[in-house]
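# Report on the structure
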Amino acid sequence: MAEDLFKALADPTRRAILDELAARSGQTLFEICSRLAMGHRLSLSRQGVSQHLAVLEAAGLVDTRREGRYKFHTLNTAPLRQITERWPPPPAPSRPESTP
Amino acid sequence: MKIQLTNVFVDDQTEALRFYTEILGFTKKHDVPVGGQDRWLTVVSPEEPDGTELLLEPLGHPAARTYRDALVADGVPLAQFTVDDVPAEYERLRALGVRFTQEPLEMGPVTTAVLDDTCGNLIQLASRPR
């Protein structure tokens, strides 16, 4: 499970897909391809993007839902918790006392 | 050489005519019976009555349905129409109950959105490049 997560995050194109899904939840494959082409200058084939999405889905980072005849992709950040559970971040710096 | 006609395959010509005229705002140009239930049915933009006609073609060939359904599943539009203001058109059409699979999205010089024509196709709206 963790292996799938790290493998999924290791690729810059897949990270770009996650960035775009974070910007708007629920995108068709067409919209994801358009955003990669226009926003990241990544002109991949639809098949290429589909394969990246399959890797992200296997890692639990992308969920798909069918709505009637369409298929939408959404970001799921829940698996990222494994990272902070394994290597917890330092405690947040305590806020300085507010001056009256 | 000129492009005078292009087409979309529609599930139901009567329903398609209603959507393309009453909702999208095109004007009926030709409506000629061609045998059986089928009609030679075209619409044009009221801004260009002599411009390119869109043929609302009956979905006759079984392969057309397979092709069309595969595009729809991935959200791929079959045709693109130009509007002045995509967000404004999006709001207008949404208020009329039109379903969008892609909300307005700025892509460099153009803004696009994708809607369902209720007759089996996705249509992209695009603004003229600024």
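Now for a quick tour of the structure. Bear in mind that the values here come from a model prediction, so they are computed numbers and not experimental data. (Residues numbered from 1 in each chain as written. Chains lettered and ligands numbered in written order. Predicted model: local features only at pLDDT ≥ 70, side-chain atom pairs only at ≥ 80, totals over all residues. Heavy atoms only, no water.)

### Here we look at the environment of P90 of chain A
Mapping P90 of chain A onto the fold places it in the segment after α5 (81–86). Here the alpha-carbon distance between P90 of chain A and F72 of chain A, two residues 18 residues apart in the chain, equals 36 Å. (Helix = DSSP H or I, 4+ residues; strand = E, 2+ residues; numbered from the N terminus.)

### A few points about the packing of aromatic side chains
Residues and elements named next belong to chain A. Using the criterion set out here, one finds seven aromatic pairs over all chains in the structure. For the ring pair F6 and W87, a centre distance of 6.1 Å and an interplane angle of 45° mean the geometry is tilted. Of the two residues, F6 sits in helix α1 (residues 2–9) while W87 sits in the segment after α5, which places them 81 residues apart along the sequence. Taking the relative accessible area as the measure of exposure, F6 reaches 28% and is therefore partly exposed. The class for W87 is partly exposed, based on a relative accessible area of 48%. (Phe/Tyr/Trp six-rings, centres within 6.5 Å; stacked < 30°, edge-to-face > 60°. Buried < 20%, exposed > 50% of the residue type's maximum accessible area, 1.4 Å probe, protein only.)

### A closer look at the pairing of strand β1 (residues 62–67) of chain A
Residue and element names in this part refer to chain A. As paired strands, β1 and strand β2 (residues 70–75) are joined by six bridges and run antiparallel to one another. The residue of β2 that forms the bridge with T64 is H73. The antiparallel pairing of β1 with β2 creates a hairpin that spans two residues between the two strands, and G68 there sits at a positive phi of about 60°. (Pairing = 2+ DSSP bridges.)

### A word on the packing of helix α3 (residues 29–40) of chain A against helix α4 (residues 46–58) of chain A
All names here are of chain A. It is the contact of α3 with α4, at a shortest axis distance of 10 Å, that shows an interaxial angle of 105°. It follows from the interaxial angle that α3 and α4 lie roughly perpendicular. Taking contact as the criterion, the partners of L29, F30, I32, C33 and L36 in α3 are, on α4, R46, V49, S50 and L53. (Axes fitted to C-alpha atoms, helices over the stretch in contact; angles between N-to-C directions. Parallel < 35°, antiparallel > 145°, perpendicular 65-115°, else oblique. Contact = heavy atoms within 4.5 Å.)

### Some remarks on helix α3 (residues 86–95) of chain B
Along an α-helix, a turn takes 3.6 residues, which lines up residues three or four apart on a common side. Residue and element names in this part refer to chain B. All of the buried residues in α3 are V86, E89, Y90 and L93. Around the axis of α3, the buried residues are gathered within 105° of arc, so they sit on the same side. Its side-chain oxygen placed 3.1 Å from the backbone nitrogen of A88, D85 serves as the N-cap of α3. Count one or two residues on from α3 and you reach G97, which has phi positive near 90°. (Arc of directions from axis to C-beta. Polar contact = N/O pair within 3.5 Å; in protein donor to acceptor, adjacent residues only side chain to side chain.)

### Section: the interface of chain A and chain B
Residue-level contacts link 15 residues of chain A with 20 residues of chain B. Among the residues chain A hides against chain B, the three largest losses belong to F30, R69 and Y70 of chain A. Together they make up 44% of the total. Seen at the junction of chain A and chain B, the total is two salt bridges. Across the salt bridge formed by R69 of chain A and D69 of chain B, the nearest N and O atoms sit 2.9 Å from each other. For the pair chain A and chain B, the interface holds nine residue pairs in polar contact (both at pLDDT 80 or more). Contributing elements (two or more residues each) for the side of chain A that touches chain B: α3, β1 and β2 of chain A. Counting residues per element, the side of chain A that touches chain B draws most heavily on α3 of chain A, which supplies six residues. Class assignment of the residues belonging to the side of chain A that touches chain B gives a composition of five nonpolar, two polar and eight charged. (Buried area = accessible area lost by both parts, 1.4 Å probe. Salt bridge = Lys/Arg side-chain N within 4 Å of Asp/Glu carboxyl O. Nonpolar A, V, L, I, M, F, W, Y, C, P; charged D, E, K, R; others polar.)

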